[in-house]
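# Examination of the molecular architecture
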Amino acid sequence: MNIYIDHEFHYETENLVRLFFPNEKITVLQGTPEHIGEKDIISSVKDGKIYTEFSGESAECQFEDTDTKTIERKMAVCLYEVLVRVTGRKQPWGILTGVRPIKLFRRLSESGGKAYARDYFINKLLVSEEKTNLSAVTEEYERKILALSKPKSFSLYISIPFCPSRCSYCSFVSQSIEKAQKLIEPYFELLCREVEYTAEIAKKCELQLESVYIGGGTPTTLNAEQLAKLIDTVNQNFDMATCREFTVEAGRPDTIDRDKLTAVLKGGADRISINPQTLNDKVLEVIGRKHNSQQTFNAYQLAREIGFKHINMDLIAGLPTDTVESFKNTLDKICELSPESITVHTLAMKRSSRLTQEGNALDTEKEVPAGKMLRYCEEKLFKEGYHPYYLYRQTRMEGNLENVGWSKDGYDGIYNVFVMDETHTILGCGAGAVSKLKKPLSEELSRIFNYKYPYEYINGFEEMLRRKEQVKQFYDELAEYLSEICV
């Protein structure tokens, strides 16, 4: 499929077309073709006129604006109109292709009020009323969390890039234990060193720790002694007095045992995730999970018995071979357990995942099963006393839908909100981690990348520590600015 453009909006044009044709190879070319093929799209912005043509359908509109963003939006609306006519499908998020719609909704609310933001979403961005309502509620809860952050706040992320097996949908930098067992010990020792070094920098910069998240991968692939040492390293080196939340992503139920959970809780981690994804054993087998639904129930009950007061559980809508009824059954059973928070993801078909490499394609029906699953989630979870507290989107999602974190009152996952909103600095440790340095009260963000894979992390460790010196340089340069806004 070729898209011919004569304007600068290459990225937005390609991404919008990809929503309707997620399984097609798309090429964007400058200029106008001599002959228009059946799959050729023309998008033109010239001489005060926006024009789109595709498969016998066309649309055009006049514009007098000089604002680039407004012209880009009108171009997208014109293109969207034609794509809807040709495919017969509307997108739940309209012309929005970004990861952070709640951040946009908040900006619009701050500039013109909630009613203005709702109207803009529905009438300017063509977002459905259902998703607009979800955005409005989510933004209210996010706003309360964002108010906790101060100019010198930061959060800490620690990566454990190992899993018992690799799920068929996974594109993360994680390696199965079978292939990476010999790397775990040297990786772990260096990780503790990096945590210590990062703490030294945070102290020199006089930063205030708000939340800690140990994720992956599956952190509970570490043994109990390693988990205890890692958490102790955090506690001994960072000032934990201001830390509002400490999460360990326990993840796979088959990696959870009493000794590990005890080590986590004794270390002060007050929030864990136990992630079944589904309670359909046949679906678990299809996606490559090495546990069954009973192990999920066992792990959950063990965590309660040991004393955890905040358990999150992750589900995925749209998994291969899963049905709407099967998904409803999973959610009903999870609600019976009554975890404090539930995160509902939509399947994303990443190019590096086994699902995609084996030739699986995204569904392009008018309403994909995942859409019905998410609608049931919203109905069920509101009734059960949960509310949406953060929301984000990814590329190549089933039905162009979203991921939503739901929680009971008082149990919102604050790290999730801080990282998704890019509220403040995130200092990352471990393979694949990225430190994001945020200039307060602005949208300026600098990134420092750790090595991606465990073997790279081990071999290039000293160089990686040198990169972290950029954190100190960043805050030294902001010293005068911070002294002004912190008064």
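Everything discussed here concerns the structure shown above.
The structure displayed is predicted, hence computed values, not measured ones. (Residues numbered from 1 in each chain as written. Predicted model: local features only at pLDDT ≥ 70, side-chain atom pairs only at ≥ 80, totals over all residues. Heavy atoms only, no water.)

## Notes on the nonpolar core
If you look at the biggest cluster of nonpolar residues, it comprises 121 residues, and the most contacted ones within it are Leu156 and Leu230. Examining the composition of this core, we find that 12 residues originate from one element, helix H6 (residues 177-204), more than from any other. Apart from the residues lying within four places of it in its own chain, the contact partners of Leu156 are Thr198, Leu209, Ser211, Val212, Tyr213, Val234, Phe238, Tyr415, Leu427 and Cys429. (Core = buried A, V, L, I, M, F, W, Y, C linked by side-chain atoms within 4.5 Å. Buried < 20%, exposed > 50% of the residue type's maximum accessible area, 1.4 Å probe, protein only. Helix = DSSP H or I, 4+ residues; strand = E, 2+ residues; numbered from the N terminus. Contact = heavy atoms within 4.5 Å.)

## Digging into empty space enclosed by the protein
Counted under the stated rule, the structure contains 2 cavities of 30 Å³ or more. Approximately 60 Å³ is the volume attributed to the largest cavity. In terms of lining residues, the largest cavity is bounded by Lys131, Leu134, Val344, Leu374, Cys377, Glu378, Glu402, Val404 and Trp406. Looking at the lining of the largest cavity element by element, the count peaks at 3 residues for helix H13 (residues 369-383). Taken together, the residues of the lining of the largest cavity sort by class into 6 nonpolar, no polar and 3 charged. Every residue lining the second largest cavity is listed: Arg100, Ile102, Lys103, Arg106, Glu142, Leu391, Met420 and Asp421. Breaking the lining of the second largest cavity down by element, the ones donating at least two residues are helix H3 (101-112) and helix H14 (414-421). When residues of the lining of the second largest cavity are assigned to their parent elements, the largest contribution, 3 residues, is made by H3. Residues belonging to the lining of the second largest cavity are distributed by class as follows: 3 nonpolar, no polar and 5 charged. (1 Å grid on protein atoms, 1.4 Å probe; cavity = no way out; pocket = protein on both sides within 12 Å on 5 of 7 lines; lining within 4 Å. Points joined across faces, edges and corners; volume = space filled by probe spheres on them. Nonpolar A, V, L, I, M, F, W, Y, C, P; charged D, E, K, R; others polar.)

## Remarks on the side chain of Ser293
In this fold, Ser293 is placed in helix H10 (residues 293-306). Residue contacts for Ser293: discarding those within four places in its chain leaves Leu279, Asp281 and Leu284.

## Considerations on helix H5 (residues 129-146)
Along an α-helix, residues three or four positions apart point the same way, because every turn accommodates 3.6 residues. Between the first and last C-alpha of H5 there are 25 Å, a value that for 18 residues agrees with the 26 Å anticipated at 1.5 Å per step. For H5, every residue scored as buried is listed here: Lys131, Thr132, Leu134, Ser135, Ala136, Thr138, Glu139, Glu142, Ile145 and Leu146. Next to the buried residues of H5 lie H3, helix H4 (114-124), H13, strand S14 (387-392), strand S15 (403-407) and H14. (Expected span 1.5 Å × (residues − 1).)

## As for the packing of helix H7 (residues 224-237) against helix H8 (residues 258-266)
Here H7 crosses H8 at 10°, and the two axes come no closer than 8 Å. Taken together, the axes of H7 and H8 lie roughly parallel to each other. Between H7 and H8, the residues in contact are Ala224, Leu227, Ala228 and Ile231 and Asp259, Lys260, Ala263 and Val264, respectively. A breakdown of the residues in the contact of H7 with H8 according to their chemical character gives 6 nonpolar, no polar and 2 charged. (Axes fitted to C-alpha atoms, helices over the stretch in contact; angles between N-to-C directions. Parallel < 35°, antiparallel > 145°, perpendicular 65-115°, else oblique.)

## So, H13
A rise of 1.5 Å per residue sets the reference length of H13, with its 15 residues, at 21 Å; its end C-alpha atoms lie 22 Å apart and thus fit the reference within 8%. Taken together, the buried positions of H13 are Ala370, Gly371, Met373, Leu374, Tyr376, Cys377, Glu378, Lys380 and Leu381. Close packing links the buried residues of H13 with H5, strand S12 (311-317), helix H11 (324-337), strand S13 (341-346) and S15. Gly385, located one to two residues past H13, shows a positive phi value of around 90°.

## Here we look at the pattern of salt bridges
Note on pairing: side chains with opposite charge can pair once their charged atoms come close. Counting across every chain of the model gives 33 salt bridges. Between Glu140 and Lys114 there is a salt bridge; the shortest N-O distance is 3.5 Å. In this pair, Glu140 is assigned in helix H5 and Lys114 in helix H4, connecting sequence segments 26 residues apart. A single salt-bridge network, built from bridges that share partners, covers Arg106, Lys114, Glu139, Glu140, Glu142, Arg143 and Asp421. (Salt bridge = Lys/Arg side-chain N within 4 Å of Asp/Glu carboxyl O.)

## A short note on the packing of H8 against H10
Helix-helix packing is characterised by the crossing angle of the two axes and by the distance between the axes. In contact at an axis separation of 10 Å, H8 and H10 are set at 45° when each is read in the N-to-C sense. Classified by the angle their axes make, H8 and H10 are oblique. Two packed elements cross with a definite hand, and for H8 against H10 that hand is right-handed. Facing Arg258, Leu261, Thr262 and Leu265 of H8, the residues of H10 in contact are Ala299, Leu302, Ala303, Glu305 and Ile306. In terms of residue class, the contact of H8 with H10 is made up of 6 nonpolar, 1 polar and 2 charged. (Left-handed = near helix turned anticlockwise from the far one by under 90°.)

## Focus on the environment of Asp409
Along the polypeptide, Asp409 turns up in the loop between S15 and H14. Between the C-alpha atom of Asp409 and that of Pro151, which follows or precedes it by 258 residues, the distance is 26 Å. Other than its neighbours up to four places away in sequence, Asp409 contacts Tyr141 and His387. A polar atom in the side chain of Asp409 sits 3.1 Å from the side chain of His387. (Polar contact = N/O pair within 3.5 Å; in protein donor to acceptor, adjacent residues only side chain to side chain.)

## Some remarks on the environment of Ala228
Summarising the element assignment, Ala228 is placed in helix H7. The partly exposed category is assigned to Ala228, whose relative accessible area is 34%.

## Examining unusual backbone geometry
Each neighbour pair has its own omega, and for Gly216 with Gly217 the value is 15°, a cis peptide bond. Residue position: Gly217 is located in the loop between strand S9 (208-216) and H7. We note that Asp47 has phi near 55°; this positive angle belongs to a residue other than glycine. Residue placement: Asp47 occurs in the loop between strand S3 (41-46) and strand S4 (49-54). Given a relative accessible area of 74%, Asp47 falls into the exposed group. For Glu422, which is not glycine, the phi torsion reads 60° and is therefore positive. Structurally, Glu422 is set in the loop between H14 and strand S16 (425-429). Its relative accessible area of 14% is what places Glu422 among the buried residues.

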